[in-house]
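# Residue-level structure breakdown
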Amino acid sequence: MTWKNIIPWLCVLAVAVSCQARREPPTPAEPGTTRSQPTAQESFESPEKTGQMPSSEETRSVAPRPSETAETLPSSQTAPPAGSAKPSPGGSQAYWPRFHGPRGDNLSDDKGLLAEWPQEGPPLAWKTEGIGQGYAGVTIADGRIFTAGNIDKDAVVTALDMEGRILWQKSNGPAWTKNYPGARGTPTIDGDRVYHLGASGDLTCYRVDDGTVVWHTNIMERYEAPLPEWGLAESVLVRGKYLYCTPGGPKTCIVCLDKMTGETVWQSDSANGDTTGYASIQWADFEGIPILLTMTAKALVGVHAETGRLLFRHPHETAYDVNAFMPLYADGEVFVSTGYGSGSELVRLKREGENVTAEQVWVNKDLDNHHGGVILVNGFLYGSSYNGRWCCIDWKTGETRYMDRGIGKGSLTYADGMLYMYSERRTVGLVKATPEKYELVSQFRLPSEERAESWAHPVVCGGRLYLRHGNNLFAYDVRNQP
């Protein structure tokens, strides 16, 4: 047989092999493997292409548009296309549906976890690349993981299964490219919908299963509010029939939307004209009054959750108007902490009829938390100060119990008697949750080559420790297996 006859047969064979390869399902990745970003052309469809438009006239006029460059993202030779992977049934019990967990206290209910780690850290279950640049954390429900990041010119919400495979990616307005580029807010999961507030004010409701846009609005344009200097960092609160968020500004402070349609239910009065801070809303039931607690650029505020009435504004100012703290509430008292030397403050609420006032109980300048969060465990507060020292203070008295450099300034979470600390320089520490002293049990360095600060808060859920750094998401197995 001559070469002239062989070549056509080789071409036919190559086409047949290619077609067969496309028919084969993706092979599940082994533990510890890395996945790159899948082809996302289908994922970046506009609402017009999906056939789902916002459900109210008010939101329809501002439906999101993907950037032109987002139509052809780099593709992977090994990862399945976006939307081809299915949720893993094994992770359906893991539940962390909003920033800082279902109660907003950042305390995990996981038990039976490792009391110490190997020198190189706990086993890496998987690592996924391609979630975009940003500082958003992760939320988890019904076998899916959600986060957000900048991809090209878009802010993008990413859905993954419990083994780190990307299910879909959808845009939510423009990428934040100004001061400290990257996504801030973490998606909030509620049933078959997921909600995300972008740094420029784009608030979008998606269907959990495929990312179809249900409704969209820009809260800063809608309520005529100015953007803060570093972009919005709020993760929205969804409770019952409603969604709550904080555009702030001269026209309002907190607003309540119908979570199904995006229509306005009520908007509170402005809190003395304060612009929004960088905080997320905390829910509090105080003597029969449901209160939404958050921080504006200059104060702690409380708004009646049913009527939208502004109950109180308690001044708490800091340099650069950076109040990036989600308030902690317990037994009629509210704790806040902000950086640049402003320090921590405990405020006691007092009810007088239908009115609520707030009065200062104590101030502690040792713990001036920047944006890594503070947690309350057994009557003691733990967090990192602006200058990098880890602090423990007594909730009742405000007394400092210890201060230690530890692993360096960062964020934290809690599970099974231990503090999981994550420094902004990628060091991860396991510390005993005890007020006696800072006792570092184990530590390791996250194997990431990203240059940005590691500001995303860690999450422990379903026996795994989730650590986000830039374009990468790591999942470590922290279960104490026999």
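Scope of this entry: the structure provided in the associated data block. (Residues numbered from 1 in each chain as written. Predicted model: local features only at pLDDT ≥ 70, side-chain atom pairs only at ≥ 80, totals over all residues. Heavy atoms only, no water.)

Looking now at the overall build of the chain. In terms of helices and strands, the chain carries four helices and 33 strands. Among the 482 residues that make up the chain, the fraction classed as buried is 60%. Long-range contacts, defined as pairs at least 24 residues apart, comprise 57% of the intrachain contacts of the chain with a sequence gap of at least 6. On the chain, roughly 19900 Å² of surface is accessible, and the fraction owed to carbon and sulfur atoms is 49%. (Helix = DSSP H or I, 4+ residues; strand = E, 2+ residues; numbered from the N terminus. Buried < 20%, exposed > 50% of the residue type's maximum accessible area, 1.4 Å probe, protein only. Contact = heavy atoms within 4.5 Å. Areas by Shrake-Rupley, 256 points an atom, 1.4 Å probe, with all protein chains shown as cover.)

All right, on to the sheet that holds strand β12 (residues 242–245) then. Across the sheet, four strands lie side by side as β11-β12-β13-β14; this open sheet has antiparallel pairing. Pairing within the sheet leaves two strands with one partner each, and these edge strands are β11 (237–239) and β14 (264–267). Sheet twist, expressed as the mean angle between neighbouring strand axes with direction ignored, is 20 degrees. Sheet topology note: the strand β13 (residues 255–258)/β14 ladder contains three bridges and is antiparallel. Note on β14: the bridge partner recorded for cysteine 256 is tryptophan 266. (Pairing = 2+ DSSP bridges. Axes fitted to C-alpha atoms, helices over the stretch in contact; angles between N-to-C directions.)

Time to look at unusual backbone geometry. Notably, glutamate 224 is not glycine yet its phi reads approximately 50 degrees, a positive angle. Note that glutamate 224 resides in the loop between α4 (219–222) and β11. You will see that tyrosine 340, though not glycine, has its phi angle at about 60 degrees, which is positive. Among the structural elements, tyrosine 340 can be located in the loop between β20 (333–338) and β21 (343–352).

This paragraph deals with the packing of aromatic side chains. According to the stated counting rule, one finds 21 aromatic pairs in the structure shown. With a centroid separation of 6.1 Å and 50 degrees between ring planes, the pair formed by tyrosine 195 and tryptophan 215 is classed as tilted. On the criterion of sequence distance, the pair formed by tyrosine 195 in strand β8 (residues 193–197) and tryptophan 215 in strand β10 (residues 213–218) is long-range, its members being 20 residues apart. Across the pair, tryptophan 215 and tyrosine 195 agree in class, each one buried. What links up through ring pairs into an aromatic cluster is the set Trp117, Tyr420, Phe444, Phe474 and Tyr476. (Phe/Tyr/Trp six-rings, centres within 6.5 Å; stacked < 30°, edge-to-face > 60°.)

On to the sheet that holds strand β6 (residues 166–174), then. With antiparallel pairing, four strands are arranged side by side in an open sheet as β3-β4-β5-β6. Among the strands making up the open sheet, the edge pair consists of β3 (139–141) and β6. Geometrically, the sheet is characterised by an average inter-axis angle of 25 degrees between neighbouring strands, direction not taken into account. Where strand β5 (residues 154–161) lies against β6, six bridges are found, and the strand directions are antiparallel. The partner of aspartate 154 across the bridge, within β6, is proline 174.

Ranked by size, the top nonpolar core spans 27 residues in total, and within it Ile291, Phe335, Val356 and Leu381 carry the most contacts. Those elements that provide at least two residues to this core are β15 (282–286), β16 (289–295), β18 (310–315), β19 (328–330), β20, β21, β22 (355–364) and β25 (390–394). Here this core takes four residues from β16, the largest share from any one element. Not counting residues within four places of it along the chain, the set of residues in contact with isoleucine 291 comprises Gln282, Trp283, Ala284, Phe286, Gly302, Val303, Ala305, Leu311, Leu349 and Val356. (Core = buried A, V, L, I, M, F, W, Y, C linked by side-chain atoms within 4.5 Å.)

Here we come to the environment of arginine 313. One can find arginine 313 in strand β18. Setting aside anything within four residues of it in sequence, one finds arginine 313 in contact with Ala271, Asn272, Asp274, Lys298, Ala299, Leu300 and Val301. In this structure the side chain of arginine 313 is engaged in a polar contact, spanning 3.5 Å, whose partner is the backbone oxygen of alanine 271. (Polar contact = N/O pair within 3.5 Å; in protein donor to acceptor, adjacent residues only side chain to side chain.)

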